[in-house]
Amino acid sequence: MRTARLRTVRPVLWAGLAALAAGAVLCVVGWYGMSGERFAERQLPYLASCTVPGAALIVAGAVLLTYGRGTLATSRVTELYELLVAVDNPAAGEPDLAPLASSGDLLMVPGGTLWHRADCPLVEGKPQAVPADAGAIASGGLGPCPICEPRGGS
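Because the structure is a prediction, the values reported are computed rather than measured.

Colleague: Help me out: how do you make sense of the overall build of the protein chain in this one?
Modeller: Regarding its fold elements, the protein chain presents three helices and four strands. Reading the helices (α) and strands (β) of the protein chain from amino to carboxyl end gives α-α-β-β-β-α-β. Looking at the protein chain as a whole, 23% of its 154 residues are labelled buried. Within the protein chain, contacts between residues at least 6 apart in sequence are counted, and of these 60% link residues at least 24 apart. Here the protein chain has roughly 10,500 Å² of accessible surface; of this, 65% comes from carbon and sulfur atoms.

Colleague: Explain the pairing of strand β2 (residues 114-117) here, please?
Modeller: Two faces, one strand: in a regular strand the side chains alternate between the faces of the sheet. As judged from the three bridges shared by strand β1 (residues 106-108) and β2, these two strands associate in the antiparallel manner. Its bridge partner lying in β2, Met 108 is registered against Trp 115. Hairpin remark: β1 followed by β2, antiparallel, with five residues in the connecting loop; positive phi at Gly 111, about 85°. Two strands pair when backbone bridges link them, and β2 and strand β4 (residues 143-144) are joined in this way by two bridges, in the parallel orientation. Bridge pairing links Trp 115 to Pro 144 in β4.

Colleague: Can you help me understand the nonpolar core in this one?
Modeller: The tendency in soluble globular proteins is for nonpolar side chains to be buried as a group. Membership of the largest hydrophobic core is limited to seven residues, which are Leu 106, Met 108, Trp 115, Ala 132, Ala 136, Ile 137 and Leu 142. When contributions to this core are tallied by element, the ones reaching two or more residues are β1 and α3 (134-139).

Colleague: Even after reading the chapter, I still don't get the environment of Gly 140, so can you show me in this structure?
Modeller: Relative to the helices and strands, Gly 140 is located in the loop between α3 and β4. For Gly 140, a relative accessible area of 54% translates into the label exposed. Taking the C-alpha atoms as reference, Gly 140 lies 10.0 Å from Leu 114; in sequence the two are 26 residues apart.

Colleague: Could you clarify how one ought to interpret the sheet that holds β2 in this entry?
Modeller: Spatially, four strands are ordered β3-β1-β2-β4 in an open sheet, and the strand pairing comes out mixed. Both edges of this open sheet fall to β3 (130-131) and β4, since each of them pairs with a single strand only.

Colleague: What is the right way to read a nonpolar patch on the surface from this model?
Modeller: A cluster of nonpolar residues, Leu 44, Leu 47 and Val 52, forms a patch on the protein surface that exposes about 250 Å² of accessible area. For Val 52, the position within the fold is in helix α2 (residues 40-88).

Colleague: Can you walk me through the state of the cysteines in this structure?
Modeller: Among covalent bonds in proteins, the disulfide is the one between the sulfur atoms of two cysteines. Going through the model one piece at a time under the given rule, you end up with zero disulfides. Residue Cys 27 stays outside any disulfide, its sulfur separated by 8.8 Å from that of Cys 50, the closest cysteine.

Colleague: I keep staring at the environment of Val 109 and nothing clicks. Help me out?
Modeller: Among the structural elements, Val 109 can be located in the loop between β1 and β2. Considered as a pair, Val 109 and Lys 126 are 17 residues apart in the sequence and their alpha carbons are 8.6 Å apart.

Parameters at a glance
Residues numbered from 1 in each chain as written. Predicted model: local features only at pLDDT ≥ 70, side-chain atom pairs only at ≥ 80, totals over all residues. Heavy atoms only, no water. Helix = DSSP H or I, 4+ residues; strand = E, 2+ residues; numbered from the N terminus. Buried < 20%, exposed > 50% of the residue type's maximum accessible area, 1.4 Å probe, protein only. Contact = heavy atoms within 4.5 Å. Areas by Shrake-Rupley, 256 points an atom, 1.4 Å probe, with all protein chains shown as cover. Pairing = 2+ DSSP bridges. Core = buried A, V, L, I, M, F, W, Y, C linked by side-chain atoms within 4.5 Å. Patch = residues over 30% accessible without salt bridge, like charges linked within 9 Å, V, L, I, M, F, W, Y side chains within 5 Å. Salt bridge = Lys/Arg side-chain N within 4 Å of Asp/Glu carboxyl O. Disulfide = S-S within 2.5 Å.

As structure tokens, then:
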């Protein structure tokens, strides 16, 4: 699906770049032609035939580039969403991911605001981690860790 959407976006981006380049060339040609004329009535043909269409091409090129970039960004977001959905719904036969921590022992770090399971990656191997105080957990002074999601008290 990604390549099909990119095939439709790339020509729009190239058309936008071509319109910008053509508009810039027309504006330069119009300016060069106008600069050689002294009277306004002799400058008007350059203005009408080069500068105004050149400015219109520049605006059209900017619109095409903006549209193409927006479509490209949308296709990338869609692709990322599809990958996310594919991860959330594993195919049949694939094992489910194990929980990050599964120990029943609860720990806390002095001065911290969370309580953790003993094998939580945030406290595992930290010598300052002490058993969690059941009173602090019950009073709401400590909250459960969002990583290991401990349940209950010690």
